[in-house]
Amino acid sequence: MQKVFINKLKDFVGQEVTLQGWLFNKRSSGKIRFVILRDGTGYVQCVFFKGNVSEEIFELADKIGQESSIIVTGKVKEDSRQVGGVEIDATGLIVIQDAKDYPITPKEHGPEFLLDNRHLWLRSKRQVAIMRIRHRIIKAIRDFFDERDFVLMDPPILTPNAVEGTSTLFETPYFDLGNAYLTQSGQLYAEAGAMAHGKVYTFGPTFRAEKSKTKRHLTEFWMCEPEVAFADLNDDMDLAESMLEYIVQTVLRERAEELKILERDTTKLEKVVRPFPRISYDEAVEILHKNGVNFEWGNDFGAPDESVIVQQFDRPVMVHRYPAEVKAFYMKRDPENPKVALAVDVLAPEGYGEIIGGSQREDSLDELLSRIKEHNLPQEVFEWYLDLRRYGTVPHAGFGIGLERTVSWICGLDHLREAIPFPRMIYRNTP
Ligand code: 4AD
Ligand code: MG
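Residues numbered from 1 in each chain as written. Chains lettered and ligands numbered in written order. Predicted model: local features only at pLDDT ≥ 70, side-chain atom pairs only at ≥ 80, totals over all residues. Heavy atoms only, no water.

*Asks:* Just checking my understanding: could you explain the pairing of strand β17 (residues 353-360) for this structure?
*Replies:* Each regular strand displays side chains that alternate between the two surfaces of the sheet. Burial within β17 is extensive, with six of its eight residues counted as buried. Relative to β17, strand β16 (residues 337-348) is paired through six bridges, and the arrangement is antiparallel. Of the residues in β17, the one forming a bridge with A343 is S359. Where β16 folds back on β17, the antiparallel hairpin that results is connected by four residues, among which E350 adopts a positive phi of roughly 60°. With five bridges joining them, β17 and strand β18 (residues 396-402) adopt antiparallel strand pairing. Following the sheet pairing, Q360 is matched in β18 by A397. (Buried < 20%, exposed > 50% of the residue type's maximum accessible area, 1.4 Å probe, protein only. Helix = DSSP H or I, 4+ residues; strand = E, 2+ residues; numbered from the N terminus. Pairing = 2+ DSSP bridges.)

Next comes the structure, spelled out in structure tokens:
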């Protein structure tokens, strides 16, 4: 008999097939037992009629527990009332393991309990939908850059220095060389890559020892960082905008079913088309003041400030030219106003906050040397990075998109912990 996956059942109407999976749910009514089987590709109702199957199988279909691993054989019947448009008229049932007392039942559970059982929670309908969207977002990001001739370049995870500020570094002893640090960003290495290939992107895990216990911070998260030679801040914003439109429109098209399971309001996502509003930090501050927010020029925006700014628009907002003081050492100052850096943050709609941070990089050796001094960074560890300005420096720019923040926005999640298979936060590093 043909072994078939649930998402392919439509091609087998009228035929006998074998399905392998887990018991998602079951119910009985008189002479019928219903078993909902899941196999990762979908869900299907298997119907056991008394008389059509042996007494033993009929009993078994009622007895086995939630999440038992099973093999069902039966005939595929068209049934428009069912999800997927088919059901199985079951003739056989083999139980690989009868699971008893599965901890996650259809009733409500608290978030801590679910996180303790994350290894099992991942099987639930909502979590499966989120992970399938996450996968599609990763693929969309890669496709977007691959189609535009970017080269994927993997930066190291163990690094000798900080990129995004020294206060959030995870440290680990490294043989006779002292300490190494888990990377906060692959950017500096991506810059070296851009000088080799013109256009590159990195995509991998990054680490921040963030003390902040918010819905938007993980200590381990995934980031994609494109870097482009001969590009300025405007080119950078064009790239970020095209990429976000591509990601959102692809997910809307290809993961409609999953978005429905999540009850996501997709009308909000449909609006994510170019051009996105571009406002300067100064203009953003003006918006805050007009809305009665007490905000001082020179500070970084907090989550409530970001919410007020994005409320004025119906799509992601690009805020550029931040006060140089609050931004990283590698960002180029605006030649027209050295108080601001040629930086951009992309703020997602609906209060999801900053999903992208980027900038044009300082390409002058002398300027970069001064920045390193001003930030009290050790020049020795940046010598290799300074070489990029000594040998064929060019204007260049890039950004980093946080994967979990993007997943969380597109899926409409309240908390980043559901956007990654096994979240790492200050108070949690298990399972
Ligand atoms: O703004 P960030 O710190 O920028 C950089 O790391 C640059 N080196 C990027 C570049 O220009 N190549 O981080 C970029 C993005 C943020 O916008 C956010 O989406 C995400 O990474 N991010 C986090 N996501 C989850 N948890 C955290 N603790 C995060 N910190 C940053
Ligand atoms: Mg940032």
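Next comes the rest of the description.
*Asks:* When you look at the side chain of T183 in this model, what are you seeing that I'm missing?
*Replies:* Summarising the element assignment, T183 is placed in the loop between β10 (179-182) and α5 (187-197). At 2.8 Å, the side chain of T183 and the backbone oxygen of S185 are in polar contact. In contact with T183, other than residues within four places in its own chain, are P156, I157, T159, P205, T206 and F207. (Polar contact = N/O pair within 3.5 Å; in protein donor to acceptor, adjacent residues only side chain to side chain. Contact = heavy atoms within 4.5 Å.)

*Asks:* Would you take a moment to explain the sheet that holds β10 for this structure?
*Replies:* Think of a sheet as strands paired side by side through backbone hydrogen bonds, with each pair either parallel or antiparallel. In space, the three strands of this open sheet follow the order β8-β10-β9, with antiparallel pairing throughout. Edge positions in the sheet fall to β8 (158-159) and β9 (171-173), since each has one partner strand and no second. The pairing of β8 with β10 spans two bridges and is classified as antiparallel. Bridge pairing in β10 links T159 to Y181.

*Asks:* Where do I start with the packing of helix α4 (residues 125-147) against helix α6 (residues 233-254) in this structure?
*Replies:* Helix-helix packing: each pair is described by the crossing angle between the helix axes and the interaxial distance. Two numbers describe how α4 lies on α6: the axes approach to 9 Å, and their chain directions differ by 135°. Comparing the axis directions of α4 and α6 gives the class oblique. Considering the relative orientation of α4 and α6, their crossing is right-handed. Residues I133, R136, I137, A140, I141, D143, F144, F145 and E147 of α4 touch α6, and the partners they reach there are L239, S242, M243, Y246, I247, T250, V251 and E254. Taken together, the residues that form the contact of α4 with α6 break down as eleven nonpolar, two polar and four charged. (Axes fitted to C-alpha atoms, helices over the stretch in contact; angles between N-to-C directions. Parallel < 35°, antiparallel > 145°, perpendicular 65-115°, else oblique. Left-handed = near helix turned anticlockwise from the far one by under 90°. Nonpolar A, V, L, I, M, F, W, Y, C, P; charged D, E, K, R; others polar.)

*Asks:* Looking at this structure, how should I read the layout of surface pockets?
*Replies:* To find leftover empty space, one rolls a probe the size of a water molecule over the atoms. A volume near 1,200 Å³ is recorded for the largest pocket. Taken together, 47 residues line the largest pocket, and the ones lying closest to its centre are E164, R208, E210, K327 and E354. Of all the secondary structure elements, the ones that give two or more residues to the lining of the largest pocket are β12 (220-229), α10 (303-310), β16, β17, β18 and α13 (403-411). Residues of the lining of the largest pocket, tallied by class, amount to 19 nonpolar, 14 polar and 14 charged. (1 Å grid on protein atoms, 1.4 Å probe; cavity = no way out; pocket = protein on both sides within 12 Å on 5 of 7 lines; lining within 4 Å. Points joined across faces, edges and corners; volume = space filled by probe spheres on them.)

*Asks:* Mind showing me how you'd approach the nonpolar core here?
*Replies:* F145, L244, W409 and I410 are the most contacted members of the largest nonpolar core, which has 49 residues in total. At the level of secondary structure, the elements contributing two or more residues to this core comprise α4, β11 (199-207), β12, α6, β16, β17, β18 and α13. If one sorts the elements of this core by residue count, α6 sits on top with ten residues. Residues contacting L244, with those up to four places away along its chain left out, are V272, F276, P316, V346, I355, I356, I401 and W409. In terms of nonpolar packing, the next biggest core, distinct from the first, is built from 32 residues, V285, I287, F382 and Y385 among them. (Core = buried A, V, L, I, M, F, W, Y, C linked by side-chain atoms within 4.5 Å.)

Scope: geometric values only; no functional claims are made or implied.
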